[in-house]
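# Working through the structure, step by step
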Amino acid sequence: MIVRNLNDKEVIETTYRAHGGAIAQMILDQRILKEIGFLAIASLKPGKEIEAHVDPMEEIYFILSGSGQMRVDDEARDVKPGDAVWIPTGASHALLNTGQEDCIVLVVASPAW
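Keep in mind it's a predicted model, so treat the numbers as computed, not measured.

The subject of this paragraph is the environment of Leu-6. The residue Leu-6 is located in the segment before α1 (9-12) in this model. For Leu-6, the contacting residues outside a window of four places in its chain are Val-11, Ile-12, Gln-25, Ile-27 and Ile-41.

The structure is reproduced here in structure tokens:
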């Protein structure tokens, strides 16, 4: 069993700026995982955006707190805590924080091995 906490050195050392807007950390990734690409957490300040990008893997964005507008290809939807957004492999996607507080998102990715 492996347990990771957001305050663990192994998580803090992975902190990076994700696609121009969010501060993200890899909670679990390919250093440990065998079939799932990664589990990450991202924090997006009000007015900031995870810029449109395309990934070579299927992803799920799960909104923990805050709110925003999620775009996947040509579709846009408002998102709030408890929403899970499925992003197909190769789809362009972006998230804009439209709220007054940080938007915290869990991201799960699964490559088509």
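Our focus in this paragraph is the sheet that holds strand β8 (residues 84-87). Pairing in this open sheet of six strands is antiparallel, and the strands run β1-β2-β3-β10-β5-β8 from one edge to the other. Of all strands in the sheet, those bounded by a partner on one side alone are β1 (16-18) and β8. Shown here is a sheet whose adjacent strand axes are inclined to one another by a mean of 30°, direction ignored. Both strand β3 (residues 38-44) and strand β10 (residues 103-111) contribute to a ladder of seven bridges, which runs antiparallel. Following the sheet pairing, Ala-40 is matched in β10 by Val-107.

Conventions adopted
Residues numbered from 1 in each chain as written. Predicted model: local features only at pLDDT ≥ 70, side-chain atom pairs only at ≥ 80, totals over all residues. Heavy atoms only, no water. Helix = DSSP H or I, 4+ residues; strand = E, 2+ residues; numbered from the N terminus. Contact = heavy atoms within 4.5 Å. Pairing = 2+ DSSP bridges. Axes fitted to C-alpha atoms, helices over the stretch in contact; angles between N-to-C directions.

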